[in-house]
Amino acid sequence: MKYVFVLTLISLTFHYSVLAQEPIDSTVYYKTYPDKLVLRTYMSRKYTGLGIKVADESYWYRPNSTLNMGLGATYEGLTLNLAYGFGFLNPDKQRGDSKYFDLQAHAYPKNWVIDFFGQFYNGYYLLRGNTLDNNNESRIFPDMKLRKVGASVQYLFNGDKFSYRAAFLQNEWQKKSAGSFMAGAEVYGGQVRNALGILPSQSVPNNFDQIKYFEIGPNFGYAYSWIIKKHFFITLSAASSLSIGRTYFNYEDGTGNSNWSVRPNFLMRGFTGYNSDRWSLNVNYVYNQVNLAAVNGYKANLGTGNYRLNLIYRISPGPGLKKKLGLIDKLKNRLK
């Protein structure tokens, strides 16, 4: 089947300090490029999957999302990325046709980590295994719809020494190893539905056709960058939450059941690559898992991932381009 959806991502992030702190010479730990235009070409894949477990059986649903090629730029903390899943990058036609709009915004103002998720997916396939039979084929669920909207906001306690922007946006360069604790809050909500039933019809006598959920709670975590010979870096970050939430299952016979529970969610990031004054090459991965309250023995989770290969080049804008970019400078000054 042919892909008919164009994936376009516009991510706006602003870089500014919002809290007054004791002065620390952050240049010892990372270098900023306030007057540089950061250009990037990249390849990425994004997805949001559904996992359901009951007793010893596990069901894994995945969208047939595209491998995308894109271009982007960052200037004064404002980032714009555009990507498209070209056909020659996606020859696999055996897993159905998924149509989706996947908005993931990951913003890193100094001392803050802000993540927004807007996942709107139509069309899934079910990975086969011991849940169905012993072959490696898949079953197509073309009418399955998944919706997930949520956000996580965390305060970065050591933003004067540790830079997320160096790893993710590449408009800074982490020159010395450092780490930071972080804490904040998160909220998620959405639903999964399929009129013909979410599980394979032979799996349960009374299948469910809709899952609704809402969760909110505090989160906390830690991030660290290892710098090797000044230019090479490995940045790892992990955060967990204790979110209270309600999950509702609607069954095909018209009945429903719900449950409240406190469940841990996870938000993990990994970055590695090479950085210098002009060039940067890196691979990064961001993964978010929302674990829903169990209902009648069914445990469900939603996993959202985004992995990317970036090639970055920093340039100094000429007088003409600098003048056109002046609007961004004015906007940044108003936000200070």
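Treat the numbers as computed from the prediction; the structure is a model and nothing was measured. (Residues numbered from 1 in each chain as written. Predicted model: local features only at pLDDT ≥ 70, side-chain atom pairs only at ≥ 80, totals over all residues. Heavy atoms only, no water.)

Colleague: Can you walk me through the overall build of the protein in this structure?
Modeller: The secondary structure content of the protein amounts to three helices and 17 strands. A burial count over the protein gives 50% of its 336 residues as buried. Sequence separation of at least 24 residues holds for 71% of the intrachain contacts in the protein that already meet a minimum separation of 6. Only carbon and sulfur atoms are counted for the fraction: they give 61% of the accessible area of the protein, which is about 15,700 Å². (Helix = DSSP H or I, 4+ residues; strand = E, 2+ residues; numbered from the N terminus. Buried < 20%, exposed > 50% of the residue type's maximum accessible area, 1.4 Å probe, protein only. Contact = heavy atoms within 4.5 Å. Areas by Shrake-Rupley, 256 points an atom, 1.4 Å probe, with all protein chains shown as cover.)

Colleague: In this structure, what is going on with the packing of aromatic side chains? I would like to understand it.
Modeller: For any two aromatic rings, the description comes down to two numbers: the centre-to-centre distance and the angle of the planes. Counted by the stated rule, this structure contains 23 aromatic pairs. With centroids separated by 6.3 Å and ring planes inclined at 50°, the aromatic side chains of Tyr121 and Tyr124 adopt a geometry described as tilted. Put simply, the rings of Tyr108, Phe162, Tyr164, Phe168 and Phe271 touch in pairs and so form one group of aromatic residues. Lying across the ring of Trp173, Lys175 places its NZ or CZ 5.7 Å from the centre. Across the ring face of Tyr42, the terminal group of Arg308 is positioned such that the distance to the ring centre comes to 4.3 Å. (Phe/Tyr/Trp six-rings, centres within 6.5 Å; stacked < 30°, edge-to-face > 60°. Lys NZ or Arg CZ within 6 Å of the ring centre and 35° of its normal.)

Colleague: What is the right way to look at the pattern of salt bridges in this model?
Modeller: Once their charged atoms are close, side chains differing in charge can pair, the charge on each being opposite to the other. By the definition in use, this model includes five salt bridges. A salt bridge links Asp277 to Lys31; the shortest N-O distance between them is 2.8 Å. Of this pair, Asp277 sits in the loop between strand S15 (266-275) and strand S16 (279-291) while Lys31 is found in strand S1 (residues 30-32), placing the two residues 246 residues apart along the sequence. Judged by its relative accessible area of 38%, Asp277 falls in the partly exposed class. Among the salt bridges present, the one from Arg165 reaches Glu172, with a minimum N-O distance of 3.0 Å. A single burial state applies to Arg165 and to Glu172, both of which are buried. (Salt bridge = Lys/Arg side-chain N within 4 Å of Asp/Glu carboxyl O.)

Colleague: Looking at this model, I keep getting lost on the environment of Ser65. Mind explaining?
Modeller: Assignment of secondary structure puts Ser65 in the loop between strand S3 (57-62) and strand S4 (67-75). Taking the C-alpha atoms as reference points, Ser65 and Ser98, separated by 33 residues in sequence, lie 6.4 Å from one another. For Ser65, the side chain forms a polar contact with the main-chain oxygen of Lys46, separated by 3.0 Å. (Polar contact = N/O pair within 3.5 Å; in protein donor to acceptor, adjacent residues only side chain to side chain.)

Colleague: Is there a simple way to think about the confidence of the model for the protein in this case?
Modeller: Should pLDDT be low for a region, the predicted coordinates there are not to be read in detail. When pLDDT is averaged along the protein, the result is 85; 84% of the residues meet or exceed 70. Confidence, expressed as mean pLDDT per element, reaches its minimum in the protein at helix H3 (residues 326-335) with 60 and its maximum at strand S10 (residues 178-193) with 98. Predicted confidence for residues 1-22 stays below pLDDT 50, and this span has 69 contacts to residues more than four positions away or in other chains. Every residue in residues 130-136 scores below 50 in pLDDT, and together they form 12 contacts with partners more than four places removed in sequence or on other chains. (pLDDT = per-residue confidence, 0-100.)

Colleague: Would you mind going over the environment of Gln191 with me for this structure?
Modeller: For Gln191, the location among the structural elements is in strand S10. Sequence-distant contacts of Gln191, defined by excluding residues within four places in its chain, comprise Lys145, Leu146, Arg147, Gln210, Ile211, Lys212 and Tyr213. Only 2.6 Å separates the side chain of Gln191 from the side chain of Gln210, close enough to count as a polar contact.

Colleague: Can you help me understand the side chain of Asn301 in this one?
Modeller: Relative to the assigned elements, Asn301 resides in strand S17 (residues 299-315). Since its relative accessible area comes to 14%, Asn301 is described here as buried. With sequence-adjacent residues up to four places away left out, Asn301 is seen in contact with Gly49, Leu50, Gly51, Trp60, Gln289, Val290 and Asn291.

Colleague: Before we go on, may I ask you to explain the environment of Phe86 in this structure?
Modeller: Topologically, Phe86 is positioned in the loop between strand S5 (78-84) and strand S6 (99-107). Put simply, Phe86 and Thr66 are 20 residues apart on the chain and 8.0 Å apart in space, counted from C-alpha to C-alpha. Setting aside residues up to four positions removed in sequence, Phe86 forms contacts with Leu67 and Met69.

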